[in-house]
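Residues per chain are reported as follows:
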Amino acid sequence: MDKKLLDILVCPVTRQPLAQLDGERLKALNTTIGQSGVQFGGHRQTDALREALVTRDGKRIYRVDDGIPVLLPDEALDAGSLAGPAQG
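The following paragraphs examine the structure supplied in this document. On a predicted model such as this, the values are computed, not experimentally measured, just so you know. (Residues numbered from 1 in each chain as written. Predicted model: local features only at pLDDT ≥ 70, side-chain atom pairs only at ≥ 80, totals over all residues. Heavy atoms only, no water.)

Looking at the overall build of the protein chain
How we decide: Strands here mean DSSP runs of E at least two residues long; helices mean DSSP runs of H or I at least four residues long; both are numbered from the N terminus. Only C-alpha atoms enter the radius of gyration, while the globule expectation follows 2.2 Å times N to the 0.38, with N the number of residues. Think of it in three bands: with a 1.4 Å probe and only protein chains considered, a residue is buried below 20% of the maximum accessible area for its type, exposed above 50%, and partly exposed in between. Contacts between residues were defined by any pair of non-hydrogen atoms, one from each residue, lying within 4.5 Å. With residues, only the protein chains shown are counted as cover, and all accessible areas are computed by Shrake-Rupley using a 1.4 Å probe. A residue counts as positive if it is Lys or Arg and as negative if it is Asp or Glu; His and the chain ends are not included. Charge placement uses NZ in Lys and CZ in Arg. For Asp and Glu, CG and CD serve respectively.
In terms of helices and strands, the protein chain carries two helices and seven strands. Its C-alpha radius of gyration of 12 Å places the protein chain within 12% of the 12 Å reference for a compact globule of 88 residues. When the 88 residues of the protein chain are sorted by exposure, 40% land in the buried category. A sequence separation of at least 24 residues applies to 50% of the contacts in the protein chain between residues at least 6 apart. As displayed, the protein chain has an accessible area near 5,200 Å², and 50% of this comes from carbon and sulfur atoms. Of the side-chain charges in the protein chain, 11 are positive and 12 negative, and the distance between the mean point of each set is 4 Å.

Honestly, it's all geometry; don't read function into it.
Take a look at the structure:
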């Protein structure tokens with residue numbers, strides 16, 4: 001993702017800065033997606049993600065579809081619903 005774009009993106013709910021989900025947490029998220037799928041609001045994610053964004057507190061994850069961040073409040077993933085890939 002473009003660094004300049006990432007510098008200005010914030011969570012639409014909390015206004016916290018967003019960062020790319022790091023490799024280890026993205027891998028763990030993709031493992032969960034592969035096992036049972038993950039619900040991003042009304043969107044059921046069944047394919048592995050190449051990128052995702054996470055709030056500074058690690059509580060909300062937004063998917064990135066074809067390089068475009070999906071920053072809709074209803075499409076965020078509550079990281080607490082996962083077994084730990086987005087904590088921290």
